[in-house]
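Okay, here's what each chain looks like letter by letter:
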Number of protein chains: 2
Amino acid sequence: MYSLEELNKLYDNKFSGENFKAEPAGLYDPVRHIMSNTGKKIRPMLLLMSCDMFGGDVHQALDSAFAIEVFHNFTLVHDDIMDAAELRRGNPAVHIKFGVNKGILAGDVMLSYAYQYLCSLQADKLAPVLQVFNQTAIEIMEGQQMDIDFEKRTEVTAGEYLKMIEYKTSVLLAAALKIGAIIAGADEQSRDLVYSFGLKLGLSFQITDDLLDTFGDGSKVGKKIGGDILNNKKTLLLITALNKASHAQRDQLFLLMNEQNEDKKIAETIRIFDQLNIRNLIENKAEELFAEALQSLDSIQIPDSQKSSLKDLAYKIRNRDY
Amino acid sequence: MYSLEELNKLYDNKFSGENFKAEPAGLYDPVRHIMSNTGKKIRPMLLLMSCDMFGGDVHQALDSAFAIEVFHNFTLVHDDIMDAAELRRGNPAVHIKFGVNKGILAGDVMLSYAYQYLCSLQADKLAPVLQVFNQTAIEIMEGQQMDIDFEKRTEVTAGEYLKMIEYKTSVLLAAALKIGAIIAGADEQSRDLVYSFGLKLGLSFQITDDLLDTFGDGSKVGKKIGGDILNNKKTLLLITALNKASHAQRDQLFLLMNEQNEDKKIAETIRIFDQLNIRNLIENKAEELFAEALQSLDSIQIPDSQKSSLKDLAYKIRNRDY
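Residues numbered from 1 in each chain as written. Chains lettered and ligands numbered in written order. Predicted model: local features only at pLDDT ≥ 70, side-chain atom pairs only at ≥ 80, totals over all residues. Heavy atoms only, no water.

Peer 1: Describe the interface of chain B and chain A, and please don't skip the residues or the numbers.
Peer 2: Much of the literature gives interface size as the accessible area that the parts lose upon coming together. Tallying the contact residues gives 36 residues for chain B and 36 residues for chain A. Overall, the association of chain B and chain A removes approximately 3,200 Å² of surface from exposure, summing both partners, and the carbon and sulfur fraction of that is 69%. Area buried by chain B at its contact with chain A is led by Leu105, Ile138 and Gln145 of chain B, which between them contribute 17% of it. On the surface where chain B and chain A come into contact, there are two salt bridges. The partner of Lys21 of chain A in a salt bridge is Glu142 of chain B, and the shortest N-O contact between them spans 2.7 Å. Viewed at the interface, chain A and chain B are joined by eight residue pairs in polar contact (both at pLDDT 80 or more). Those elements that place two or more of their residues in the side of chain B that touches chain A are helix 2 (25-35), helix 4 (58-82), helix 6 (100-118) and helix 7 (123-152) of chain B. In terms of residue count, the dominant contributor to the side of chain B that touches chain A is helix 7 of chain B (14 residues). A class-by-class count of the residues in the side of chain B that touches chain A yields 21 nonpolar, nine polar and six charged. (Contact = heavy atoms within 4.5 Å. Buried area = accessible area lost by both parts, 1.4 Å probe. Salt bridge = Lys/Arg side-chain N within 4 Å of Asp/Glu carboxyl O. Polar contact = N/O pair within 3.5 Å; in protein donor to acceptor, adjacent residues only side chain to side chain. Helix = DSSP H or I, 4+ residues; strand = E, 2+ residues; numbered from the N terminus. Nonpolar A, V, L, I, M, F, W, Y, C, P; charged D, E, K, R; others polar.)

So, in structure tokens, the structure goes:
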């Protein structure tokens, strides 16, 4: 089996020089801009690790791993337009550097390339992989729409929020793992279990992200703490707080949503969160989901030794403070 | 074999009630808006007619025909954003009615659905169909970028213009025909010939479109004549005129590009076109491409009787004055 470092090297050897086409430069320069700084490559690594865990040939999975990464970056390009985000991984977002029209078209062509890279699979693997991929793509777009819809609503239920982050974030991690399993020829039950592992891990990951946004150490997280509070984001923290709050606390939380003094808004909201024990409650929820993820991984009928890389990565994701 | 009317009925029976998902409505309402008014359905009909011509089962091709139509409408939604177009088939463009963000996301999900409909094909057909489809999608996006690039350039060669309309318009007609042939199990040579037929027919179609924009009858074409001239569009008419013009005529054509009086701008430009015999030259070019298209169709090794539907449609497209 391969270490994470070895998989990274295999992947980079094949794709770090991937430059797409030269022309038309107006189409491919924006693609090169976002793809030249691909971040942590969690999704392609999950795909390769899953393939490796199930005894598959990771070389046969490389193109699909890249497809997942290209797809992920397509979603970032279009989401950044919709969210009017200016920065992505410390660089100007594509639509800021190249304009909205080029951002739209670059995203479109990246989605098409994602499919093209998937299509290098053998015919017997192609159909089941595409089925997972199509469903995932559609769910991610539904999740993005839910996220946009929730911004305009006063209240969102915990169930709605969890469904939204499942679609917007988790399903792609889960799909990467399942596609790796399909390429390796794993049986149906194993595919579903590794998907479930990814889904729960992704939820736990996103909820931890929300926790860090409010309770993290700004110097480690790399951004100002309290952004979600400032934006009145209906995260699980706020939803849980509104559910548990007294009438007076509820009124105060809603008043704070219109507070103009940013430092006061953050500090007062956190004070109410602390009164309601929100940090502990949400940490427990993240821990519960993490345990469910591990349970799915444990249930897969292969030797534990083959699961150690994925398990290590899962713990690394759980224990992060950034 | 089926008549065009029968194919239309088969298609409508299956898809005229296609409503996509109810929720999230913010995502699917825009999709329903554009898909409820799908226009002439030329592309899906070409796919079905090609499948039928090669003796395939058109029922097996219906989902792919719909995929092509969903894909085509996705390109319209995103192109209308990029071109800041306000109307589409007499209705408000998606981004006008629902906003740019919903237009982007609706287009994205339509592209994903196009792939999902293709994926109902049997495994042995899926790979070759996707290969054609992916390449076509990428070329269409490259064509759209060329079109945008050409707007900012002073001059464009005839070769560049023809490549742009080939990518932006023709390849999808050609791909529809080729996918129909693949589903029918036609041999490689026949697939290529029917593709070539569609490519040339599409070029002839687009050039005729450009002719009608300048020399058509406004009441039949359904829009104000001279739009391309007003927008300084580098169509084959203008490109050919600039190539054939004397120094004085060239200078005048460039001066007219900055003329503010719209009626004068159109009339004077057409006067120079007439001096240079542009209408005839371009009609000849369209006719030449149409003849090449028919030649490809004629070369396909199946009985002529099976080609009559496609040939009729080709003539109908050639002889239109709207």
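Peer 1: So, the packing of helix 4 of chain B against helix 7 of chain B: which residues are in play, and what are the values?
Peer 2: Residues and elements named next belong to chain B. The contact between helix 4 and helix 7 brings their axes to 12 Å, and the two run at 20 degrees. Our classification of the angle between helix 4 and helix 7 gives roughly parallel. As helix 4 runs across helix 7, the sense of the crossing is right-handed. The residues of helix 7 that touch helix 4, namely those facing Ile68, Phe71, Phe74, Thr75, Asp79 and Met82, are Phe133, Ala137, Ile140, Met141, Gln144 and Ile148. The residue makeup of the contact of helix 4 with helix 7, split by class, is nine nonpolar, two polar and one charged. (Axes fitted to C-alpha atoms, helices over the stretch in contact; angles between N-to-C directions. Parallel < 35°, antiparallel > 145°, perpendicular 65-115°, else oblique. Left-handed = near helix turned anticlockwise from the far one by under 90°.)

Peer 1: Tell me what's going on with the pattern of salt bridges, and back it up with residues and numbers.
Peer 2: When the charged atoms of two side chains lie near each other, side chains of opposite charge can form a pair. All names here are of chain B. Counted under the stated rule, the structure contains 36 salt bridges over all chains. Asp12 serves as the salt-bridge partner of Lys41, at 2.8 Å between the closest nitrogen and oxygen. On the criterion of sequence distance, the pair formed by Lys41 in the loop between helix 2 and helix 3 (42-53) and Asp12 in helix 1 (residues 4-15) is long-range, its members being 29 residues apart. Note that Glu268 is salt-bridged to Arg271, the shortest N-O span being 3.4 Å.

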